[in-house]
Amino acid sequence: LIRLAGGASAKCGRVEVRETEGSPWGTVCDDGWTGQRGLINAMVACRQLNLTWSNGRVLIGSQYVQPGSGNIWLWLLQCAGSENSLMECSNMGWGVSECTHLEDVSICCDDSDITTTTTTPQPTTTTTPAPTTTTRAVTTSTTTTPAPTTTTTTPAPTTTTTTPAPTTTTTTTPTPTTTTPAP
């Protein structure tokens, strides 16, 4: 047995199943309900409900319909598409699940009912941290090494001046001698 619960209409809601008349209702986990596989599972569920599939949708998690309570009866459902009931589809076993009710699957057999759902999605707040600036102190140390000093000692040029000793010229003029014959 199957029903859609918590939706805005009989064509849209959380998928709930029970094994027999009078047994408790439970939910179906959304694992395995994404992509093409999910659409095939939803078409089988709509067929079981005797509803026409008209651009239906799979609503993952509790974003459109509130989570259920009680047991989660089916997990990892894999329908081939020819089944008349979800209970005919491959799954992990009745009552075997590793899911929470936040993963209850919901479907809409007709997409026109999606916009009329009375459950408001929970607002999501995204906090973006302010950009951080990392400042690094950089210490620059400059060591000045004096350039090597090359000292070249060039001896001063030696100037040798040879001055001739002063020449004294003495000219002696002989005194004239007079010779007188002796008497």
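Basis of the calculations
Residues numbered from 1 in each chain as written. Predicted model: local features only at pLDDT ≥ 70, side-chain atom pairs only at ≥ 80, totals over all residues. Heavy atoms only, no water. Phe/Tyr/Trp six-rings, centres within 6.5 Å; stacked < 30°, edge-to-face > 60°. Helix = DSSP H or I, 4+ residues; strand = E, 2+ residues; numbered from the N terminus. Buried < 20%, exposed > 50% of the residue type's maximum accessible area, 1.4 Å probe, protein only. Core = buried A, V, L, I, M, F, W, Y, C linked by side-chain atoms within 4.5 Å. Contact = heavy atoms within 4.5 Å. pLDDT = per-residue confidence, 0-100. Expected span 1.5 Å × (residues − 1). Disulfide = S-S within 2.5 Å. Pairing = 2+ DSSP bridges. Salt bridge = Lys/Arg side-chain N within 4 Å of Asp/Glu carboxyl O. Patch = residues over 30% accessible without salt bridge, like charges linked within 9 Å, V, L, I, M, F, W, Y side chains within 5 Å. Areas by Shrake-Rupley, 256 points an atom, 1.4 Å probe, with all protein chains shown as cover.

Draft legend 1. Just the packing of aromatic side chains, in detail. All told, the structure shown has 1 aromatic pair when counted by the stated rule. Judged by centre distance (5.1 Å) and plane angle (15 degrees), the ring pair of Trp73 and Trp94 falls under stacked. Here Trp73, found in strand β5 (residues 71–74), pairs with Trp94, found in the loop between β5 and β6 (106–108); they are 21 residues apart in sequence, far enough to count as distant. With relative accessibility at 14%, the residue Trp73 sits in the buried group.

Draft legend 2. Fine view of the nonpolar core. Judged by nonpolar contacts, the single largest core of 21 residues is most densely connected at Val15, Val17, Val28, Trp33, Leu77, Leu86 and Ile107. Excluding anything up to four places from it in sequence, Val17 contacts Leu1, Ile2, Pro24, Trp25, Gly26, Val28, Trp73, Leu74, Leu86, Met87 and Trp94.

Draft legend 3. Up close: the confidence of the model for the protein. With 60% of its residues at a pLDDT of 70 or more, the protein shows a mean pLDDT of 74. Counting contacts from residues 132–163, a segment whose pLDDT is below 50, to residues more than four positions away or on other chains yields 0 contacts. Low pLDDT, under 50, characterises residues 166–173; the stretch is placed with 0 contacts to residues that sit more than four places away or in other chains.

Draft legend 4. Focus on helix α1 (residues 35–48). If you check α1, its first and last C-alpha atoms are 20 Å apart, about what 14 residues at 1.5 Å a residue would give, namely 20 Å. Looking at α1, one finds that the buried residues are Gly38, Ile40, Asn41, Ala42, Val44, Ala45, Cys46 and Gln48. Packing partners of the buried residues in α1 comprise β1 (2–9), β4 (57–59) and β6. Trailing α1 by a residue or two, Asn50 shows a phi angle of about 60 degrees, which is positive.

Draft legend 5. Structural view of the state of the cysteines. For the structure on display, the rule yields 4 disulfides. Here Cys46 connects covalently by a disulfide to Cys109, the sulfurs 1.8 Å from one another. Residues Cys46 and Cys109 share a disulfide whose torsion about the S-S bond is about -95 degrees; that sign makes it left-handed. Here Cys46 is found in helix α1, whereas its partner Cys109 is found in the segment after β6, with 63 residues between them in sequence. Residue pairing for Cys79: its cysteine sulfur links by disulfide to Cys89, the two sulfurs lying 2.0 Å apart. Given an S-S torsion of about 100 degrees, the disulfide between Cys79 and Cys89 has right-handed geometry. Here the residue Cys79 occupies a position in the loop between β5 and β6, and Cys89 occupies one in the loop between β5 and β6, the gap between them amounting to 10 residues.

Draft legend 6. A look at the pairing of strand β2 (residues 12–17). Across the 6 residues that make up β2, a large majority, 6, are buried. Taking the residues that link successive antiparallel strands as the turn, the β1-β2 hairpin has 2 residues. Pairing analysis gives 2 bridges linking β2 to strand β3 (residues 26–28), with the strands arranged antiparallel. Each residue of the ladder has a partner; that of Val17, found in β3, is Gly26.

Draft legend 7. Representation of the pattern of salt bridges within the structure. Per the stated rule, a full pass over the model turns up 4 salt bridges. Linking Glu21 and Arg18 is a salt bridge whose minimum nitrogen-to-oxygen distance equals 2.8 Å. Given a relative accessible area of 63%, Glu21 falls into the exposed group. Taking the relative accessible area as the measure of exposure, Arg18 reaches 13% and is therefore buried. Each of Arg3, Arg14 and Glu16 takes part in a single network of salt bridges with overlapping partners.

Draft legend 8. Layout of a nonpolar patch on the surface. A cluster of nonpolar side chains, Leu76, Met92 and Val96, forms an exposed patch at the surface whose accessible area comes to about 230 Å². Following the sequence through the fold, Val96 ends up in the loop between β5 and β6. Judged by its relative accessible area of 38%, Val96 is partly exposed.

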